[in-house]
Amino acid sequence: MTGIDARLLGAFDDALWPIAVGIAVLVGAAHAVRPGHGKTLVAAYLVAERGRRLQAVALAVVIAALHTVSVLVLGLLWWWTAEGQAASIDSLADWGRLLVAVLVLGLGAVVCRRQWRAFRHRRAHGHAPHHHHHGPPEGAGPWSWSGLVAVASVGALVPSPAAFLLLVSGLLTGRAPLAVAMVVGFGLGLAATVLAVGLMVIAGRDWLGRRAAGHRALARLGAWAPLFGAAAIVCGGCVLSVTAVAALVGA
Amino acid sequence: MRLTATVRVLLGLTALATAGAVGAAPAAAHPLGDPQTVRLTADGSRVKALWTAPPDDLVVLGSVTGAIPDQREYVFDLGADAEPAPVGETDAELLTGSRAVADYLAEHIRVGQDGRECPAEVDLAALVDEGAELVFACPEPVTAVEVEVTMLTDADPAYRTVAFADGAAPEQHLYTVGDPVAEWRFDATAAEEGRDWFAPVALAVAIAASAAAAVVVLRRLRRTAAGSPS
């Protein structure tokens, strides 16, 4: 426990509740800036699925909700079982990481397949972007809640240790409502950072799209981008799987 | 032309894989684990405290006591046909063999009876796996004792320790830097008090209710999306 995460617990102990919740939002946002937390995969997903702003917002909402629920469930589980000697959330966290890895690999496979087909389809119909039917752009992922949950799980299913400790503190000191409010705030902060990353990715992609109109190489890059994004999700899934399996085997 | 495209794709994939690895790997570096705990039991005039902590907190313990040096050299032994193996004591051996760690534990977990301190005996043999065992010898048979826990709060004031005592009152307590002392009663009336179940049960009900609400809302959203022309 170091730095900003420790401030979360300090705020719970000492600060007035509106300030404590505000600090929790800020700590959550700052926490998500650090490496990990699925920002790379969020970016890859939005590029691969040609995601729109609404999709980025939905993703942020799912991340906030999933992080909050997983802190609450883990905290309660720990509180219920901790009196027994064998209680440990370490192994639960390891299995959680494996579940996340499997979800991401599955998502990567689905997205890869769809984008590869869309890519082949575009190739078969010539390079120029064209719209021969109405609706979302070709290759754009259908609105998929399971896809959003899979991406959100990377940053949210195995929650922050500080948020977990915060809830345990709340349960043990009879200040559970404040702890829950702060956990929700932390999740919202986390989601805000991820949303900012997502919107930046979308803005960058759209900018590239506009520039690509008169630029052959850029247009080609734009055509390949969703495939790269899909490949990145698979790569991310592989890395997550390796670390999760290593943790399980090493334990 | 075709070859260069393939090479470009491969280069792109390699770059993405590297980015993915860089982005994902450090997530494992700040692990979710059990908090520090102290389990108290009383037997006659003795109080036993079992202190456990996750591995990263053990490293902090090694650091504040000086048992694990902050700057380290690793020397590897390269045998002719063997895997390279590090030479010297492991971190676990450094911790369990350290007098300073034992003294630190005895200083930061203290038991008193009627204002008199009960001297501690510290057993570090199982520190890493099971936890450190402290046995406090009190002058009188134990019914009520004052237990002070300030483990690692000198490293960071946000550190906290969850204490449990089966059949005692209270059954659990959270030690923080602002609340380092608690009185525990191990007499017969203590077992009747039990834990406060209200907040956890209310929370569990709230989680179940919001999960159910989320499912209903998602279904409705999906139905609306399916019904509207694309």
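Calculation notes
- Numbering of residues starts from 1 in every chain and runs along the sequence as written.
- A letter from A marks each chain and a number from 1 marks each ligand, given out in the order of writing.
- For this predicted model, a pLDDT threshold of at least 70 governs which residues receive local features, and a threshold of 80 or more governs which side-chain atom pairs are given and counted, while totals over whole chains, interfaces and linings are taken from all residues.
- The basis for the side-chain values is all heavy atoms of the structure; hydrogens and waters are excluded.
- Comment: elements are numbered from the N terminus, with helices defined as DSSP H or I runs of at least four residues and strands as E runs of at least two.
- A 1.4 Å probe rolled over the protein chains alone gives each residue an accessible area, and that area as a share of the maximum for its type sets the label: buried under 20%, exposed over 50%, partly exposed in between.
- The contact definition used throughout considers only heavy atoms, calling two residues in contact when any of these lie within 4.5 Å.
- Using a 1.4 Å probe, the Shrake-Rupley method yields the accessible areas, and only the shown protein chains count as cover for residues.
- One bridge is not enough; two strands pair if DSSP finds at least two bridges between them.
- Fitted lines through C-alpha atoms serve as axes, helices being fitted only where they are in contact, and the angles separating the N-to-C directions of these axes extend from 0 to 180 degrees.
- Only residues whose relative accessible area exceeds 30% and that take part in no salt bridge are eligible for patches, with like-charged residues grouped when within 9 Å of each other and nonpolar side chains (Val, Leu, Ile, Met, Phe, Trp, Tyr) grouped when within 5 Å.
- Salt-bridge detection follows one rule: a side-chain nitrogen of Lys or Arg within 4 Å of a carboxyl oxygen of Asp or Glu.
- As used here, the term nonpolar core means buried Ala, Val, Leu, Ile, Met, Phe, Trp, Tyr and Cys residues forming a set that is joined through side-chain atoms within 4.5 Å.

A. A look at the overall build of chain B. The secondary structure content of chain B amounts to 5 helices and 12 strands. Across the 230 residues of chain B, 34% fall into the buried class. The long-range share in chain B, meaning contacts at least 24 apart out of those at least 6 apart in sequence, stands at 58%. Surface accessibility of chain B: about 13,100 Å² in total, with carbon and sulfur atoms responsible for 57%.

B. Broad picture of the sheet that holds strand E12 (residues 181-185) of chain B. All names here are of chain B. Here 4 strands make up an open sheet; going across it, the order is E6-E5-E9-E12 and the pairing antiparallel. Each edge of the sheet is formed by a strand with only one pairing partner; in this case those strands are strand E6 (116-118) and E12. Adjacent strand axes in the sheet meet at a mean angle of 35° when their direction is disregarded. Pairing between strand E5 (residues 109-113) and E6: 3 bridges, direction antiparallel.

C. Just a nonpolar patch on the surface, in detail. On the surface, Val69, Val73, Leu77 and Leu92 of chain A cluster together into a nonpolar patch covering about 290 Å² of accessible area. The biggest single contributor to the nonpolar patch is helix H4 (residues 53-81) of chain A, with 3 residues.

D. Inspection of the environment of leucine 167 of chain A at higher detail. Secondary-structure assignment places leucine 167 of chain A in helix H7 (residues 161-173). Residues leucine 167 of chain A and valine 180 of chain A, spaced 13 residues apart in sequence, show a C-alpha to C-alpha distance of 6.6 Å. Setting aside residues up to four positions removed in sequence, leucine 167 of chain A forms contacts with Val71, Leu72, Gly75, Leu76, Ala179, Val180 and Val183 of chain A together with Leu203 of chain B.

E. Looking closely at the nonpolar core. Judged by nonpolar contacts, the single largest core of 75 residues is most densely connected at Leu8, Trp78, Leu167, Met182 and Ile233 of chain A. The element that contributes the greatest number of residues to this core is H4 of chain A, accounting for 13 residues. In contact with methionine 182 of chain A, not counting residues within four places along its chain, are Leu8, Ala11, Phe12, Ala20, Val21, Ala24 and Leu166 of chain A. With 38 residues, the next largest nonpolar core counts Ile68, Val101, Tyr159 and Ala182 of chain B among its residues.

F. Representation of the pattern of salt bridges within the structure. Under the defined criterion, the tally for this structure stands at 11 salt bridges over all chains. Taking the shortest distance from any N to any O, the salt bridge between arginine 97 of chain A and aspartate 94 of chain A comes out at 3.0 Å. With arginine 97 of chain A and aspartate 94 of chain A both in helix H5 (residues 90-124) and 3 residues apart, the pair spans about one turn of that helix. Residues lysine 48 of chain B and glutamate 133 of chain B are paired through a salt bridge, measuring 3.8 Å at the closest nitrogen-oxygen approach. Of this pair, lysine 48 of chain B sits in strand E2 (residues 46-52) while glutamate 133 of chain B sits in strand E8 (residues 132-137); the two residues are 85 residues apart in sequence, bridging distant segments of the chain. Here lysine 48 of chain B falls in the partly exposed class, since its relative accessible area comes to 36%.

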